[in-house]
Amino acid sequence: MKNKKKSLIWQLPFLTLLIVGTVLILRQQRNMPYQRIQGTVFGTVYHITYQGDKDLQPDIEKALSQVDFSLSPFNDKSVITKVNNNEDIAVDKMFTDVFRIAMQVSKETQGAFDITVAPLVNLWGFGFKQEKDPDRQTIDSLMRFVGYDKVSLDRNGHVHKTDPRVMLDCSAVAKGFGTDVAAKVLERNDVTNYMVEIGGEVVAKGVNDKRQPWRIGINRPTDDPMQESTQLQSVLSITNKAMATSGNYRNFYYKDGKKYAHTIDPHTGYPVQHSLLSATVLANDCATADAYATAFMVMGIDKAKEVLEKHSELKAFFIYSDDNGDFKEWFSPSLADKITAP
């Protein structure tokens, strides 16, 4: 008994020191300031807020430039450009990761998401080669080269196409992937509280400077081609999640009095025409959220709900137009306590 008491007596100072040290570390972490950085990438603006004492902007921008070099069809020297030009190359890991995510989402949405839709996106004036002069005959001819089953990736990193005229465009997933990449830079530097936003795609972890979940706004889907509107429909409080939004209210044009939006249905070759105006998706990673948000805009609200029923890891917030042209909302039930007014 005496030996046990002596052992406890010797342990108490160490336990006290451990507790005091832990408290001091937690207090230091709590008092560490939040940094805010921003810049341009992928033809849009990024905003990053994180708690830390290191300037991580150079590392983040270096990582994002690698994403651009891998996946940007606007970059003449990028990996995806070489693939589209049918050069014999082995793709890099970034391309491989995005390709696999894209193929998985394509399968889960019966081809509503499809990275081979590039020729049609270009034809309608929304891609990396803007033509903007579609007709039924041209659309039908291009449809022969559209379909996610027309492209594959072997173990050695070589892309195989059923026809050399098949072209890839990962723009509907690359921005979300880039957001994930920036978040991983923060993770590698032991940052536990941060919010990364690139062109509306978000990864949030931990808490903000008020020690609360991050508040992320969802834009009201009013026609805004100049991207000047800041009017919000709702605000979501999220943490440890990724979020992406797709909508037809910013990238569109009018021709002969008719509105043409950038979301192209891979099954028809035409821009989608339905009541769903905006699809926001929450997932464990932003690339997946980005891809599903695009797919849901193609599918429409009813078919999108069917997919959500099969994937409990996904949450969604939809804004649609009713018969009177008024904005209406639908959201996954589990988001109810995370939604607040703007």
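Description of the structure in this document. (Residues numbered from 1 in each chain as written. Predicted model: local features only at pLDDT ≥ 70, side-chain atom pairs only at ≥ 80, totals over all residues. Heavy atoms only, no water.)

### Digging into the overall build of the chain
Step number 1: Of regular secondary structure, the chain possesses 9 helices and 15 strands.
Step number 2: Classification of the 342 residues of the chain by burial places 46% in the buried group. (Helix = DSSP H or I, 4+ residues; strand = E, 2+ residues; numbered from the N terminus. Buried < 20%, exposed > 50% of the residue type's maximum accessible area, 1.4 Å probe, protein only.)

### Side note on the pattern of salt bridges
Step number 1: Counted under the stated rule, the structure contains 6 salt bridges.
Step number 2: Linking R36 and D209 is a salt bridge whose minimum nitrogen-to-oxygen distance equals 2.9 Å. Residue R36 is located in strand 1 (residues 34-41), and its partner D209 is located in the loop between strand 6 (201-205) and strand 7 (214-219); the two are separated by 173 residues in the primary sequence.
Step number 3: The class of R36 is exposed, set by a relative accessible area of 55%. (Salt bridge = Lys/Arg side-chain N within 4 Å of Asp/Glu carboxyl O.)

### Section: the sheet that holds strand 8 (residues 232-238)
Step number 1: With respect to topology, 3 strands assemble into an open sheet ordered 7-8-15, the strand pairing being antiparallel. The open sheet has two edge strands with one neighbour each: strand 7 and strand 15 (339-340).
Step number 2: Relative to strand 15, strand 8 runs antiparallel, the two being bridged by 2 bridges. Considered in strand 15, the bridge of L236 is made with I339. (Pairing = 2+ DSSP bridges.)

### Observations regarding the sheet that holds strand 1
Step number 1: If you trace the 8 strands from one edge of the open sheet to the other, you get 1-2-5-6-9-12-13-14, paired in antiparallel fashion. Looking at which strands have only one partner, the edges of the open sheet turn out to be strand 1 and strand 14 (327-331). Mean inter-strand twist for the sheet, computed between neighbouring axes without regard to direction, equals 10 degrees.
Step number 2: As paired elements, strand 5 (residues 194-198) and strand 6 share 5 bridges and run antiparallel to each other. Across the sheet, the residue bridging to I198 is E201, located in strand 6.
Step number 3: Contacting strand 2 (44-51), strand 5 and strand 6, helix 7 (residues 171-188) crosses the sheet at an angle of about 150 degrees to strand 5. (Axes fitted to C-alpha atoms, helices over the stretch in contact; angles between N-to-C directions. Contact = heavy atoms within 4.5 Å.)

### Observations concerning helix 7
Step number 1: Here helix 7 is 18 residues long and its end C-alpha atoms lie 26 Å apart, about the 26 Å a rise of 1.5 Å per residue gives.
Step number 2: Burial in helix 7 covers these residues: V173, A174, G176, F177, G178, T179, D180, V181, A182, A183, V185 and L186.
Step number 3: Where the residues of helix 7 are buried, they touch strand 2, helix 2 (57-71), helix 4 (93-108), strand 5, strand 6 and helix 8 (286-299).
Step number 4: Immediately beyond the C-terminal end of helix 7, within one or two residues, lies D190, with a positive phi of roughly 60 degrees. (Expected span 1.5 Å × (residues − 1).)

### Some points on the packing of aromatic side chains
Step number 1: In this structure the tally under the stated criterion is 7 aromatic pairs.
Step number 2: When the ring of F95 is compared with that of F99, the centres are 6.1 Å apart and the planes differ by 15 degrees; the resulting orientation is stacked. Of this pair, F95 and F99 both sit in helix 4, 4 residues apart, roughly one helical turn. For the pair F95 and F99, one class covers both residues: buried. (Phe/Tyr/Trp six-rings, centres within 6.5 Å; stacked < 30°, edge-to-face > 60°.)

### Some points on the packing of helix 4 against helix 8
Step number 1: Viewed as axis vectors pointing N to C, helix 4 and helix 8 meet at an angle of 40 degrees, and their least axial separation amounts to 10 Å. Comparing their axes, helix 8 and helix 4 come out oblique. As helix 4 packs across helix 8, the resulting crossing turns out to be right-handed. Residue-level inspection shows I101, V105 and E108 of helix 4 in contact with helix 8, the latter providing A287, T288, A291 and Y292.
Step number 2: Here the residues of the contact of helix 4 with helix 8 are counted per class, giving 5 nonpolar, 1 polar and 1 charged. (Parallel < 35°, antiparallel > 145°, perpendicular 65-115°, else oblique. Left-handed = near helix turned anticlockwise from the far one by under 90°. Nonpolar A, V, L, I, M, F, W, Y, C, P; charged D, E, K, R; others polar.)

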